[in-house]
Amino acid sequence: MRGRGAAAGLLAGVLLAFGTAPVAAQESDAYLDPTAGELHRAASEAWGAIDEAVVRYTATIRQRIAAQLRTPLKDRTLYRSEAAARVFWDRDHETLTQVLGSRVRYPGRDIALGEEGLDLLLDEFTIDGAFDPGGERLVFGFVDDNDPDDSFQPSDEDFWFAHPLAAGADSLYRFRSGDTLSLLLPDGRELRAVKLDVLPRVADVHRMTGSLWIQPETGALVRAAFRLSQQFDAIRDIPDLAEEEAQGEFKYVPGILKPWTFDMEVMAVDYSLWDFQVWLPRSARFEGVVAAGIMKMPVSFDLSYAIESVVLEDDLDDLASAVPVTREVHFRTRAEAMAFMAQLARERGVGGDDATPEPEWVYDGDDRLVPADLSRLETSDAVPPPIWEDAPGFATESDLEALMDDLADLPAPPVQGIPWAANWGWQRPELFRYNRTEGPTLGGKFQARLGSFVGPLTLSATGFFGFSDLEPKARLGLQRESLRRRIEIGGYRELQALDPRGRYLELGNTLNAFLFGRDDGEYLLATGADLVVGPPSAQRDSWRLRLWAERQDPVAREMNFSLAHAFDGDWRFRPVLPADRLEEAGAELRISPWWGTDPLAPQFGMELFGQGGLARTVDEGERFDWARARLTLRTAVPLAAGRWRVGVEAAGGRAWGDVPLQRHWILGGPQNLRGFDATTTLGRTFARGRLEVGRVFPAWTLSAFGDAGWTDERPEWTVDGIGAWSPDGDAWAYDDVRWAVGLGASLLDGLVRFDVSRGLTGPDRRTRVDLYLDAIF
């Protein structure tokens, strides 16, 4: 397959082959109403027939692809392409493609290719093939093989799913009719399309759930929107990979890169009626998330067809009798024929205006006409804008939201049996960690999928054991997930970080603690129950609501080993902030949208966080209440055509009431105040900011920055009889601003960040070297 980009190859790997298993005869309960049966039979008959009504057509195809990497702060664009082509499709001959434009961006690709790199534009061209009116209509644009007899078969090597219109599909699905779309034409004719919901009998990765809009009179597919009825797991759902896993073929694949899953959020196709005779494609859209362990990659694919001319079988007689008679031209070689087609394209003119001469077209030997000047491909007006911008001919964001709402309203399919999985330790990245409280800690996790009257539920049981604190910890949870939200209730006894957004119980802090002796988290031991509501797992974690009732106990420093200090017998981890011992009921809400994923365009994000609770001290029984709120604003703006970037981050927060120590605002460390150690300062009120100026290179950025932070009053506390604050604090006004400057380098728009920073004020200033993930850039 020529010219596919990275994201297109990823899509092709996921949607490589589709199939239908041999099934039994028609099931009597397949149709939930008579109209559904009529629609399905008409659509199945039309799907099985070979449509030869279209002899040839000409269309302009525009395509947009984007692949991103999802992190808690923002999604980062790893690959994007936009392309445009005119296709001359003929039923009896090879398709000729006229390349109108192509624009591709990915890390490491220099925008200015130079003369020697212009051929790369053609190698990266992603439009490959054209819609075949006699081929598959449900997944057009996503598979190369248009022969249903070959494409729709089960496979041990590739992924497949059961087509809802194939023979015997009624034993795998149930069908029900829905709303009718009607359009009354001025001449009195009426166009109708009736919605047909496709409901799998059981949740199965090989079965779809969605809706088809069918023209009742002809059975033609007018529109479709669907998704897989279950998450795809490559090792579980492809027999050959499952066998290799059982044989230990993947034992050297790190646990942080497992499992390999795919969530199809939506796949939608839309058709338009040409001259009231044939349905031809108008647009197609695909949204999904590919995951390899901790790496989640949203993938989007957008396709637009603008039909320019169509010749039908019935038109051939008219063409044969036309005067003058069509001239017949013979060629000695294929090259001569393509040169003739290039001349025809040149006469039509593409992408020029009065001030810009028309490009000269040449045949490239691969059934394509390309501009003689390849540098015109990236600047062509025919190239559509990036996929995150609305453009004529493509599905809009409101269209997608409406389709997602329709899919969310469909009933969840029942679960067959009790699918389950069990993992421990290195098999999953979240099941091992290292910190100064627990020391080396291993965990195990059991998950089972259960059926219920509210739909499928996921039961999970997770346990951890720290080899330093010797404290067993566990969480039992029950989760219900839909296309709109995820709801989980749980009971637990677990170690919690005071700032969950710092991700101190994850891999990054684990490596820093073990390798360099730098554990930036503060912790407490919580025992209780909670209710958590948030977006579905396939979407970005842009909001979260949590309610809890729990007991909170302080934890101590139990481990004093790191690889960097292995031969220093006097070295110790810094002490742990001693949390107040409380019984508490509370709630918190976080809203954290982010706009923009392209590092060459402006980006903006915000985070609004609110938290409050009613508490009682365990020792004295004193009751009190407290609340706090924080607002964070972030932006990154490109300058000088993307060669420079400026980043700004500002945050402020306040707490009210009798605020326990663990609910004070904490500053220090790479997350909020570089140049100072973690928990350098804390208080009821804080303000902080940072400014960065970066020079952008392909795939990486070099920047200079400055940080500032301030908190108000200092709570008094000690650990093991040792004051945690500087002993010469009288010489330093606690409420003064702490300043720091430094230099940094990052990869992939801040995905991996390396900083050297120096505090400028205060006795606790430091020179720090930090390596961390997920920076603003």
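Located above this text is the structure these notes cover.
A quick note: this is a predicted structure, and the numbers were derived from the prediction, not measured.

**Student:** So what's going on with the nonpolar core? Which residues, and what values?
**Tutor:** If you look at the biggest cluster of nonpolar residues, it comprises 79 residues, and the most contacted ones within it are Val 54, Tyr 57, Phe 140, Tyr 173, Leu 212, Phe 226 and Tyr 305. With 8 residues, the top contributor of residues to this core is strand β11 (residues 295-312). Listed in part, the 14 residues of the second largest apolar core include Leu 582, Phe 609, Phe 624 and Leu 673.

**Student:** Report on a nonpolar patch on the surface, specifying residues and quantitative values.
**Tutor:** A contiguous nonpolar patch, built from Leu 545, Leu 547, Leu 589, Ile 591, Trp 595, Phe 604, Leu 608, Leu 631 and Leu 633 and spanning about 730 Å² of accessible area, is present on the exposed surface. Elements supplying a minimum of two residues to the nonpolar patch: β21 (543-553), β22 (582-591), β24 (603-617) and β25 (623-639). Relative to the helices and strands, Leu 589 is located in strand β22.

**Student:** Which residues make up the pattern of salt bridges, and what values go with them?
**Tutor:** Any two side chains of opposite charge can pair if their charged atoms end up close together. Within the structure shown, the criterion is met by 60 salt bridges. With its nearest N and O atoms 2.8 Å apart, the salt bridge here joins Arg 688 to Glu 649. Taken together, the positions of Arg 688 in strand β29 (residues 685-697) and Glu 649 in strand β26 (residues 644-657) put the pair 39 residues apart, joining distant regions of the chain. The two residues Arg 688 and Glu 649 agree in class, both being buried. Via salt bridges that share partners, Arg 518, Asp 520, Asp 677, Arg 766, Arg 768 and Asp 770 belong to a single interconnected network.

**Student:** Let's hear about the packing of aromatic side chains: which residues, and what values?
**Tutor:** The geometry of two aromatic rings is summed up by the distance between their centres and the angle between their planes. Tallied over the entire structure, the rule returns 16 aromatic pairs. Both rings, one in Trp 595 and one in Phe 604, keep their centres 5.6 Å apart while their planes meet at 20 degrees; by these two values the pair is stacked. Relative accessible area serves as the criterion here: at 34%, Phe 604 is assigned to the partly exposed category. Taking the centre distance of 4.5 Å and the plane angle of 15 degrees together, the rings of Phe 697 and Trp 700 count as stacked. The exposure class assigned to Phe 697 is partly exposed, which follows from its relative accessible area of 31%. Every member of this aromatic cluster is reached through a ring pair, and the members are Tyr 31, Tyr 173 and Phe 175. Over the aromatic face of Trp 213 sits the side chain of Arg 223, whose NZ or CZ is 5.6 Å from the ring centroid. In this structure, Arg 628 is placed above the aromatic ring of Trp 665, and the distance from its NZ or CZ to the ring centre is 4.3 Å.

**Student:** Tell me about a negative patch on the surface, and name the residues and values.
**Tutor:** Together, Asp 619, Glu 620, Glu 622, Asp 625 and Asp 658 line one region of the surface with negative charge. With respect to the helices and strands, Asp 625 occurs in strand β25.

**Student:** So what's going on with the environment of Arg 282? Which residues, and what values?
**Tutor:** Relative to the elements of secondary structure, Arg 282 occurs in strand β10 (residues 278-292). Those residues within four positions of Arg 282 in sequence are excluded, and the remaining contacts are Asp 270, Tyr 271, Ser 272, Leu 303, Ser 304, Tyr 305 and Gly 393.

**Student:** So what's going on with the pairing of strand β6 (residues 208-214)? Residues and values would help.
**Tutor:** Most of β6 sits inside the fold, with 7 of its 7 residues counted as buried. Because side chains alternate across β6, one face comprises the buried residues Met 208, Gly 210, Leu 212 and Ile 214, and the other comprises Thr 209, Ser 211 and Trp 213, equally buried. Both strand β5 (residues 190-200) and β6 contribute to a ladder of 5 bridges, which runs antiparallel. What sits directly across from Lys 195, in β6, is Trp 213. Strand direction decides the pairing type here: β6 and strand β7 (residues 221-228), joined by 7 bridges, are antiparallel. Among the inter-strand pairings, Ile 214 is bridged to a residue of β7, identified as Leu 221. Once β6 ends, the chain turns through 6 residues before running back antiparallel as β7, passing Gly 219 with a positive phi of about 75 degrees.

**Student:** Could you give me a rundown of unusual backbone geometry, with the residues and numbers involved?
**Tutor:** A cis amide bond links Lys 258 to the next residue, Pro 259, at an omega of -5 degrees. Summarising the element assignment, Pro 259 is placed in the loop between α6 (239-246) and β9 (260-274). Phi is positive for Leu 470, which is not a glycine, with a value near 55 degrees. Mapped onto the elements, Leu 470 comes out in the loop between β17 (457-466) and β18 (472-481). One non-glycine residue, Leu 748, lies in positive phi territory at about 55 degrees. Looking at where Leu 748 falls in the secondary structure, it is placed in the loop between β33 (738-747) and β34 (752-759).

**Student:** Any chance you could break down the side chain of Asp 774 for me, citing the residues and the numbers?
**Tutor:** Its place among the elements puts Asp 774 in the segment after β35 (767-773). Look at Asp 774 and you get buried, because its relative accessible area is 11%. Here Arg 76 takes part through its side chain, which lies 2.8 Å from a polar atom of the side chain of Asp 774. With sequence-adjacent residues up to four places away left out, Asp 774 is seen in contact with Thr 71, Pro 72, Leu 73, Lys 74, Arg 76, Arg 503, Gly 750 and Leu 751.

Reading guide: rules and limits
- Residues numbered from 1 in each chain as written.
- Predicted model: local features only at pLDDT ≥ 70, side-chain atom pairs only at ≥ 80, totals over all residues.
- Heavy atoms only, no water.
- Core = buried A, V, L, I, M, F, W, Y, C linked by side-chain atoms within 4.5 Å.
- Buried < 20%, exposed > 50% of the residue type's maximum accessible area, 1.4 Å probe, protein only.
- Helix = DSSP H or I, 4+ residues; strand = E, 2+ residues; numbered from the N terminus.
- Patch = residues over 30% accessible without salt bridge, like charges linked within 9 Å, V, L, I, M, F, W, Y side chains within 5 Å.
- Areas by Shrake-Rupley, 256 points an atom, 1.4 Å probe, with all protein chains shown as cover.
- Salt bridge = Lys/Arg side-chain N within 4 Å of Asp/Glu carboxyl O.
- Phe/Tyr/Trp six-rings, centres within 6.5 Å; stacked < 30°, edge-to-face > 60°.
- Lys NZ or Arg CZ within 6 Å of the ring centre and 35° of its normal.
- Lys, Arg positive; Asp, Glu negative; His and termini not counted.
- Charge placed at Lys NZ, Arg CZ, Asp CG, Glu CD.
- Contact = heavy atoms within 4.5 Å.
- Pairing = 2+ DSSP bridges.
- Polar contact = N/O pair within 3.5 Å; in protein donor to acceptor, adjacent residues only side chain to side chain.

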